[in-house]
Amino acid sequence: MAKEKLSTLISTAVPLLIENIDTDQIIPARFLKATTREGFGENLFRDWRFDAANQPVRDFVLNNPRYSGKILVTGKNFGCGSSREHAAWAIYDFGFRVVISSFFADIFKNNALNNGLLPLVVSENFLKKCLERVTAEPATPITVDLPNQVVSITGGPSEHFEINPYKKASLINGQDDIDYLLSLRDEIREFDNARQRVAPLP
Amino acid sequence: MEPKTLFDKIWDAHVVKRADGFPHALFIDRHFIHEVTSPQAFDGLRARGIPVFNTRRTTATADHNVPTKDQHLPIREALSRHQVETLRKNCKEFGVDLYDLGHPYQGIVHIIGPELGLTLPGMTIVCGDSHTSTHGAFGNIAFGIGTSEVEQVLATQCVLQHKPKTMRIEINGQLGRGVVSKDIILYIISKISSSGATGYFVEYAGEAIRGLSMEARMTVCNMSIEMGARGGLIAPDQTTFDYIRGRKFAPQGQAFEQAVETWKALITDPGARYDKVLTFDAADIGPMITYGTNPGMGMCVTDRIPTAKELASLGDTTSFTNSLEYMGLAPGDFLLGKPVDYVFIGSCTNARIEDLRQVARLVKGKKRAESVEVWVVPGSKQVEAQARKEGLDKIFEEAGFELRSPGCSACLGMNEDKVPPGKYCISTSNRNFEGRQGPRSRTFLASPLSAAAAAITGKVTDIRTWMEN
Ligand code: SF4
C-alpha cells in the first residue's frame, strides 16, 4: 500500500480518556471480513460510537463536533489484544496520522509503523497535560516534529520522543520493510538452505 | 562462552542480518496463515508480482470465520464465505497447503500446528494472530504478527524485528486440587496486569510448569499475550519429545532420534541473565475467574471484586468503574453463586482433547442446568474425531451439551456463535474484552473445570468444594 509520508504535522487532537483500549474495541471482530485494506474507518470504535440501534452515542468523543484532527491522544496500553492490523488501518482510514499515549502494546506499535501511522510515546506527565489541555481547549494545535523527534502543545510543554532511526526514516520516506527485506533475498535463500540441513523440512 | 537464555539461543540462530540502526531480519521456520489476516498480504505479493518465498514453510487453515454447525454446507454469511473462498483461491494460486473446511486436519491454527507435528522445538514460528504464542510450549520462539508482516514472511521468509527483553516466570511447588494450567496463567496475569510483560518474551519455568502435560503447557503459553508479552516459551523435555513422537509431519525414526539430541540443548544456560525474573508459589493459586473486561481483572473464585478504594493506589479507577458497569457488577461483589447464561468450552486456549476429557469426566451422568446453554467446540477435526471415538460426544449429549464442529466460534464471535447482549458467559477462551463474544456480551474467563461445573449448577461454582460432592 502506498503510504503518505509523515514529517511535521500540526493538528488539533481528539482526546480519548480510556486506558487499556484493546483492538477489539478499535475494530470489533465482526468487521474484519473485508479482504482489502480500505474502508475500516467507518467501523472504528464501532460499539462505542454507535448504540445497539445503530444511533450515534452522543457523549462519545468521536461523535462530539468539538473535537477533530489528525492526532488521537489516549490512555496507556493502547492497542492491546489481538494482532489485527485492521486496527491500524481503521485509525488511519478515519483520518488519524499520529496516536499519542504513554504506552503501546507491541504488535499494535509495529502494525501502526508499518502503515504510516506514528505511535508516539510520551511520559505519563506529558500525556496527562496533553489530555487535560485538549479536552478543555479543543482548538489547541499540537505539533509533531518527526525529524527532530519533538512533540509540543501550543502554549504548553513540549517533549522529546524516541523512535527507532530505521522506522523514522521509513515514515519520513513512506517506504516499507518489504523493500529492505527483498534486497536481502539472496542471503535469505542461503540461510534457508543452511537451516534445512540442520532441520529438514517435512 | 557467555551463558545464554533459551530465547537468546533460538533468536540468535535465526538472525539473517543485523545492520546498524536496523531491526533484525529474523528468519522464520514455520508460518501459519488463516482467512482473516492473509488476504491483503497475498494482494501485496500480487501487486509486486512476486511468489511465496518458500511454500513448504507456510501452512493454511480456515478457522476464525467458519460455522460450527453444518460445516459441509456452503457458509451462509456472504462476507465470511468470501473470506474463506479468497483463502482457497490464494493458496491455490501461490501453492500453499490448505486444511480447508471438511479436511480431517482442519481446525484452529494454534491447535493444528502442534497436533500435526509442524510445531517443533528450536523453531521460529509466526502467524497473523496474537495467540501464536501457544506454540512456545514446545521450546520455540513463536509470536503473532500483523498483515504487513505476513506479507513480509510470504515474500521473504523473514520479519524485521527488534529483539525483545527477556523475562523468566517461575512457578514453584505443586498445584492444589481442582487447579489447572488455565488458573496458573490467569493468576499470573492478575498479579502483573494485562500490560505487565509488554516488551518482553517470557520463559516459564519451575516445578509446577515442568509437571504440566504438553496440552496444559500450551494453555499457559497461549495467554502470554494477555499480559502484553510477545510470546512465552518452555524449555523442551521428555514430555515434549514424547508428545511429538510419531506426529504426522514430525521427523520420523532415526531422524527423530537425531532431532531429540539437538533439542536437548535447548535449555537456558546456568547463570544466564534475564531482564526480569518473577517467582510465584503454586500453592497460592486457586481456581481463577475474571470479573472485568481485560484479562488482568481476575481473582480466585472465592474472592470478592476489589473496591475502588482498594484499587485507588493503582491510579486509574475510571477504566475499572467503566469495566464493572459494562459487566453489570459492583465493586466488592462476590462472583460465587452468580448465575450464568452461557458456557463456552472451546478456543485455542482450551479446546484440545485433554480439555474435553476433563470436562467429560466431571459431567458424566449429570445434566446441565436448564437456564444455561452449553457449547463445546473442539479445537480441530482431529480433536473432534478423537472425542467421538472415546464416546465423549455421548457424555456431552446426555448432559445436554452441544458438541459442535471445530473453529474459533464464540471466542471472538466472528461466525454465528455469539453470546447475546447483556448475557453472562463463562468461557474457557482467553479474552473478556467488551463485545468479544458478541456485541455487549459479558465474559467470565475460567478453566474448563470451572466452566463444566458452572454448566451443571448454572452459576459460578468453586470446583474444589463441588468436586467433593
Ligand atoms: S480461538 Fe480465539 S484466540 Fe484462538 S485463534 Fe481463534 S479467535 Fe484467536
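Above this text you will find the structure in question.
Computed from a predicted structure; not experimentally measured.

This brings us to the packing of aromatic side chains. Across all of its chains, the model carries 23 aromatic pairs over all chains by this definition. With centroids separated by 5.2 Å and ring planes inclined at 45°, the aromatic side chains of A:Phe191 and B:Phe27 adopt a geometry described as tilted. Taken as a pair, A:Phe191 in helix 8 (residues 185-198) and B:Phe27 in strand 2 (residues 24-27) lie in two separate chains rather than in one. When its relative accessible area of 19% is taken as the criterion, A:Phe191 is described as buried. Of the residues examined, B:Phe27 reaches a relative accessible area of 0% and is grouped as buried. Here the aromatic residues A:Phe45, A:Trp48 and A:Phe60 are joined through ring pairs into a cluster of three or more. Sitting over the ring of B:Phe249, B:Lys248 keeps its end group 5.7 Å from the ring centre.

The next thing to look at is the nonpolar core. Ranked by internal contacts, the top residues of the largest apolar core, which has 94 residues, are B:Ile169, B:Ile171, B:Ile188, B:Tyr204, B:Met227 and B:Trp263. By residue number, the principal contributor to this core is helix 6 (residues 181-192) of chain B, which donates 7 residues. When near neighbours in sequence (up to four residues on either side) are disregarded, B:Ile171 contacts B:Ile184, B:Ile188, B:Ala205, B:Gly206, B:Glu207, B:Ala208, B:Ile209, B:Phe280, B:Ala282 and B:Ile285. With 86 residues, the next largest nonpolar core counts A:Ile27, B:Ala360, B:Met414 and B:Val460 among its residues.

Residues and elements named next belong to chain B. Summarising the element assignment, Gln-157 is placed in the loop between helix 5 (147-156) and strand 8 (158-161). Looking at Gln-157, its side chain comes within polar contact range of the main-chain oxygen of Ile-28, at 2.6 Å. Once residues within four sequence positions are removed from consideration, Gln-157 is found in contact with Leu-26, Phe-27, Ile-28, Asp-29, Phe-53, Asn-54, Arg-57 and Gln-152.

Another aspect to go through is the interface of chain B and chain A. Many analyses report the size of an interface as the accessible area lost when the parts associate. On the side of chain A, 58 residues touch chain B, which itself brings 71 residues to the contact. Counting the surface lost from both chain B and chain A, the interface buries some 5500 Å², and carbon and sulfur atoms represent 56% of this. Three residues stand out in chain B for area buried against chain A, namely B:Gln40, B:Arg48 and B:Phe53, and they jointly supply 11% of the buried area on that side. Taken together, the connections running from chain B to chain A amount to 8 salt bridges. Taking the shortest distance from any N to any O, the salt bridge between A:Arg195 and B:Asp29 comes out at 3.0 Å. Per-element accounting of the side of chain B that touches chain A gives the leading share, 7 residues, to helix 5 of chain B.

This part is about the sheet that holds strand 7 (residues 141-144) of chain B. All names here are of chain B. Strand order in the open sheet formed by 5 strands is 5-4-3-6-7, with parallel pairing between adjacent strands. Strands at the two margins of the open sheet, each flanked by one partner only, are strand 5 (97-99) and strand 7. Across the sheet, the mean angle separating the axes of adjacent strands is 20° when strand polarity is ignored. Judged from the 4 bridges that link them, strand 6 (residues 124-127) and strand 7 form a sheet pairing that is parallel. Along strand 7, the bridge assignment pairs Cys-127 with Gly-144. Here helix 5 sits on the sheet and contacts strand 3 (30-33), strand 4 (58-61) and strand 6; the angle it forms with strand 3, its principal contact strand, is near 130°.

How each quantity is defined
- Residues numbered from 1 in each chain as written.
- Chains lettered and ligands numbered in written order.
- Predicted model: local features only at pLDDT ≥ 70, side-chain atom pairs only at ≥ 80, totals over all residues.
- Heavy atoms only, no water.
- Phe/Tyr/Trp six-rings, centres within 6.5 Å; stacked < 30°, edge-to-face > 60°.
- Helix = DSSP H or I, 4+ residues; strand = E, 2+ residues; numbered from the N terminus.
- Buried < 20%, exposed > 50% of the residue type's maximum accessible area, 1.4 Å probe, protein only.
- Lys NZ or Arg CZ within 6 Å of the ring centre and 35° of its normal.
- Core = buried A, V, L, I, M, F, W, Y, C linked by side-chain atoms within 4.5 Å.
- Contact = heavy atoms within 4.5 Å.
- Polar contact = N/O pair within 3.5 Å; in protein donor to acceptor, adjacent residues only side chain to side chain.
- Buried area = accessible area lost by both parts, 1.4 Å probe.
- Salt bridge = Lys/Arg side-chain N within 4 Å of Asp/Glu carboxyl O.
- Pairing = 2+ DSSP bridges.
- Axes fitted to C-alpha atoms, helices over the stretch in contact; angles between N-to-C directions.

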